[in-house]
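Each chain is listed here by its residues.
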Amino acid sequence: MDGNPRTTQLSRAWAAVGRQGTVVLEAVELWIVELPFPRPVFTSRGAHRRRPLVLVQLIGQVDGRTVEGWGECAALADVTYDDEDVSRSFSALDHELIPALVEQVSGDGRRLPGPATLEIPATLARRTPLAFAALEMAVADIHLRSDGRSLAAVLGVEGCTVALGAVVGTHGTNHDLVDEVRRLVADGFTRVKMKIGPGWDVDPVEAVVEQVPGVRLQVDANGSYRDSDLEHLCELDRFGLLCLEQPFDRSDLDLHRRLAERMKTPICLDESLDSPGTTASAIAMGACSVVCIKPSRLGGLGAALAVIEACTAKGVPLWMGGMYESGYARGVNTTLAALEGFAWPGDLSPSGTYLGCDLVPGLDLTRSGEDRSLTSALPPGPGMGPAPQSEVLERCTVQHRHIHATPA
Ligand code: MG
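A. Examining the overall build of the chain more closely. Helix and strand counts for the chain stand at 14 helices and 14 strands. Relative to the globule expectation of 22 Å for 408 residues, the C-alpha radius of gyration of the chain, 21 Å, shows essentially globular dimensions. Taken along its principal axes, the extent of the C-alpha atoms in the chain is 65 × 45 × 40 Å. Per-residue burial over the chain gives 56% buried out of 408 residues. Partitioning the intrachain contacts of the chain with sequence separation of at least 6 by distance along the chain shows that 72% fall at a separation of at least 24.

B. Structural context of the side chain of Gln 57. Structurally, Gln 57 can be placed in strand E2 (residues 46–62). Take Gln 57: its relative accessible area is 9%, and that puts it in the buried class. For Gln 57, the side chain forms a polar contact with the side chain of Trp 31, separated by 3.3 Å. Once residues within four sequence positions are removed from consideration, Gln 57 is found in contact with Ala 27, Val 28, Glu 29, Trp 31, Glu 68, Gly 69 and Trp 70.

C. Fine view of the pairing of strand E13 (residues 373–377). E13 sits mainly inside the fold: four of its five residues count as buried. Pairing geometry for strand E12 (residues 365–368) and E13, over four bridges, is antiparallel. Of the residues in E13, the one forming a bridge with Thr 366 is Thr 375. A loop of four residues connects E12 with E13, the two strands running antiparallel in sequence, and Gly 369 in this loop sits at a positive phi of about 80 degrees.

Thresholds, definitions, all that
Residues numbered from 1 in each chain as written. Predicted model: local features only at pLDDT ≥ 70, side-chain atom pairs only at ≥ 80, totals over all residues. Heavy atoms only, no water. Helix = DSSP H or I, 4+ residues; strand = E, 2+ residues; numbered from the N terminus. Rg over C-alpha atoms; globule rule 2.2 N^0.38 Å. Buried < 20%, exposed > 50% of the residue type's maximum accessible area, 1.4 Å probe, protein only. Contact = heavy atoms within 4.5 Å. Polar contact = N/O pair within 3.5 Å; in protein donor to acceptor, adjacent residues only side chain to side chain. Pairing = 2+ DSSP bridges.

Take a look at the structure:
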């Protein structure tokens, strides 16, 4: 395969994590924490004042030393984005995925496999991909912590910085929207993503393009249009957008292809891309020419790295999406976004801009360059970054389960 020598090494580097299998698994802790939103987040299911998060903590031993690893699940409080919500992820981890892991390690002196050799039945991993991704992250993290290595070191991006983009929701008036975009640009976010939907598209986009010149703008419809909107969506072509994201239902790749044939604006897919295979097919059939990376939606970090590697080799632009993560998982996304292939700043605004308290300290931010753009350092190692702080866990935990790593 052609492409950048660094990105073509990704799968190999990932497969090497934990290959020596020196961690002996002792226990698994499952958590649900609720972190406050200072301003309510509105979805089609109502207003959310807290971000519930499922966390997986693995506890193990290496040469008499206790080590831990953390994984964060992207599932949301409701099924707005995905049909796997927080309670479904927690239950899948508790009743299916962790028992499958315990079963796997029991045959090998409780030695933990690497994240690339987890033997979780494919049906389980596919049914609850967000829960699987959290478990895989925890497995990778415990190996990296035990080796004293960071994810950034594995990916060859240590010391890099990443420019940050921000997202604006649907606002009541063009005036409010323009004010919000101006404020974000003044804060150093050089790319802004606008949510659009039927009745909130061409006019507000025009207002932003005219009144905030120079902002790199993309729009996200979250699948809210139908085939009868094809003509109307083509009107967005005159604004020079970075991309139009997920205009139609996730299952309708052919409709996306038909729109892509008619529009100059690149079509990006988010919800539709649930695996490396689907991503490759969608690109091959012309349903998208830009890919939004969300590791959990793609099937975990290993799957995301496979997509990044394949897209970078083909020159398909990537950018990093977000799921209202805590700073822990946002740090992981920030690390991935430092890879070559990420074409513009992603949805990586610091977690402190949407969470009232966080599991981990914020990343180091700087303003630089002529445009005073906001850039973030990567989380310091080892592992994915600093582990969740115990006093925040104590304060914010609403559910907790301890599971011994010995089969029932
Ligand atoms: Mg999206």
